[in-house]
Amino acid sequence: MRVTHELSGLKVNIQHLWRWNCNVFKLKCYDIRSERGGKPTALTLCDVLALGDGETTGLTLPDALAVINGHAPEGYKFQSEAPIDAKCAGYRPEPSMNDKIHCAVFVLDACQVLTYSEGQQTTMRRFHSELSDLDIPQVVLLTHVDQVCHAVQEDVKFVYTGRILQEKMQKAAEVVGLSVSHVFPVKNYSSELSVSCNTDILLLNAVHHILQAVDDTFEDYCPPSPSPLSTGPQHSTSTPVTV
């Protein structure tokens, strides 16, 4: 996993589309720990209400951008009729680098990716365009892949070879407006009582690419400073990064 900066506050925004009427009504952040009881790592996952069909259901585009830009406080309860503004308790008028989101993760359901409405797709592409203007890296997690491909259901190692799943990945990329190289298929844990190495590999592969995308973005804005004792390239060790 290539990370060239000191990652002091990585935040990844988990933006659902696969279930736009889901029950996540508050901005919820989850610290990721390397072991039970251990200290939080630099990576934080931020879950939000799913984007809706237009501006009347689900998360609105202005609220989504307020989260991305770090204005929304932890625990903020989303209300479509009352968008986030400076009057909200905990509103951050001047968010720090660690308050902001530095990678947006769109979660799409492989079982439903062919049935998203035109309104949902329009909202998603508008959001993608806004994030691109902010130079925010974006990826897609395509979930429940084992439910659309029998081969993957039998063995998850076939995830990148099945024709049906390849079509689902292509459609997921079109829905958001990204290239298919930014779509990562993952298998959900549901009835399992223990973890699976192959399932975890897919999840960790997605995390690896998220961190790599953030690292590449920050290299553009925080180029390494040459050491006074060396003419070779050196990486900064003090730049806080938020994903």
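If you're wondering where the values come from, they're calculated on a predicted model, not measured in any experiment.

Across soluble globular proteins, you tend to see nonpolar side chains buried next to one another. Ranked by internal contacts, the top residues of the largest apolar core, which has 45 residues, are Phe78, Phe106, Leu108, Phe127, Val140 and Leu142. For this core, the elements supplying multiple residues, two or more each, are α1 (61-68), β4 (103-109), α2 (118-133), β5 (138-143) and α4 (163-176). Among the nonpolar cores identified, the runner-up in size contains 11 residues, and Val139, Ala206, Val214 and Phe218 belong to it.

Next up on the list: the packing of aromatic side chains. Two aromatic rings are characterised by how far apart their centres lie and by the angle between their planes. Summed over all chains, the structure comprises 2 aromatic pairs. Measuring from centroid to centroid gives 5.5 Å for Tyr76 and Phe78, while their planes differ by 80°, and the two rings are edge-to-face. For Tyr76, a relative accessible area of 9% corresponds to the buried category. With a relative accessible area of 7%, Phe78 lands in the buried category. The residue whose ring lies beneath Lys28 is Tyr30, and the NZ or CZ to ring-centre distance is 5.7 Å.

Within the secondary structure, Ile201 is located in helix α5 (residues 197-221). Look at Ile201 and you get partly exposed, because its relative accessible area is 46%. With 15 residues separating them along the chain, Ile201 and Val186 place their C-alpha atoms 9.0 Å apart.

Before going further, it helps to examine a negative patch on the surface. Taken together, Glu130, Asp133, Asp135 and Asp220 make up a surface patch of like negative charges. Considering the arrangement of structural elements, one finds Asp133 in helix α2. Residue classification places Asp133 among the exposed residues on the basis of a relative accessible area of 61%.

Running from N to C, α2 and α4 cross one another at 70°; their axes reach a closest spacing of 7 Å. Relative to α4, the element α2 is oriented roughly perpendicular. Of α4, the residues touching α2 (which contributes Gln121, Met124, Arg125 and His128) are Lys171, Glu174, Val175 and Val176. Its residues assigned to classes, the contact of α2 with α4 comprises 3 nonpolar, 2 polar and 3 charged.

What follows covers the pattern of salt bridges. What the rule picks out here adds up to 3 salt bridges. Ionic pairing is found between Asp99 and Arg92, a salt bridge with its closest N-O pair at 3.6 Å. Residue class for Arg92 comes out partly exposed when judged on its relative accessible area of 21%. Between Arg163 and Glu167 there is a salt bridge, with its nearest N and O atoms 3.0 Å apart. Here Glu167 and Arg163 lie together in helix α4, a separation of 4 residues that amounts to about one turn. Residue classification places Arg163 among the exposed positions, given a relative accessible area of 58%. Judged by relative accessible area, Glu167 falls into the partly exposed class, the value being 45%.

Structurally, the position occupied by Gln138 is in strand β5. A distance of 2.8 Å separates the side chain of Gln138 from the side chain of His128, its partner in a polar contact. Engagement of the side chain of Gln138 in a polar contact is seen with the backbone oxygen of Ile136, the distance being 3.4 Å. Beyond its immediate sequence surroundings of up to four residues, Gln138 is in contact with Ala104, Phe106, His128, Leu131, Ser132, Leu178 and His182.

Conventions used here
- Residues numbered from 1 in each chain as written.
- Predicted model: local features only at pLDDT ≥ 70, side-chain atom pairs only at ≥ 80, totals over all residues.
- Heavy atoms only, no water.
- Core = buried A, V, L, I, M, F, W, Y, C linked by side-chain atoms within 4.5 Å.
- Buried < 20%, exposed > 50% of the residue type's maximum accessible area, 1.4 Å probe, protein only.
- Helix = DSSP H or I, 4+ residues; strand = E, 2+ residues; numbered from the N terminus.
- Phe/Tyr/Trp six-rings, centres within 6.5 Å; stacked < 30°, edge-to-face > 60°.
- Lys NZ or Arg CZ within 6 Å of the ring centre and 35° of its normal.
- Patch = residues over 30% accessible without salt bridge, like charges linked within 9 Å, V, L, I, M, F, W, Y side chains within 5 Å.
- Areas by Shrake-Rupley, 256 points an atom, 1.4 Å probe, with all protein chains shown as cover.
- Salt bridge = Lys/Arg side-chain N within 4 Å of Asp/Glu carboxyl O.
- Lys, Arg positive; Asp, Glu negative; His and termini not counted.
- Charge placed at Lys NZ, Arg CZ, Asp CG, Glu CD.
- Axes fitted to C-alpha atoms, helices over the stretch in contact; angles between N-to-C directions.
- Parallel < 35°, antiparallel > 145°, perpendicular 65-115°, else oblique.
- Contact = heavy atoms within 4.5 Å.
- Nonpolar A, V, L, I, M, F, W, Y, C, P; charged D, E, K, R; others polar.
- Polar contact = N/O pair within 3.5 Å; in protein donor to acceptor, adjacent residues only side chain to side chain.

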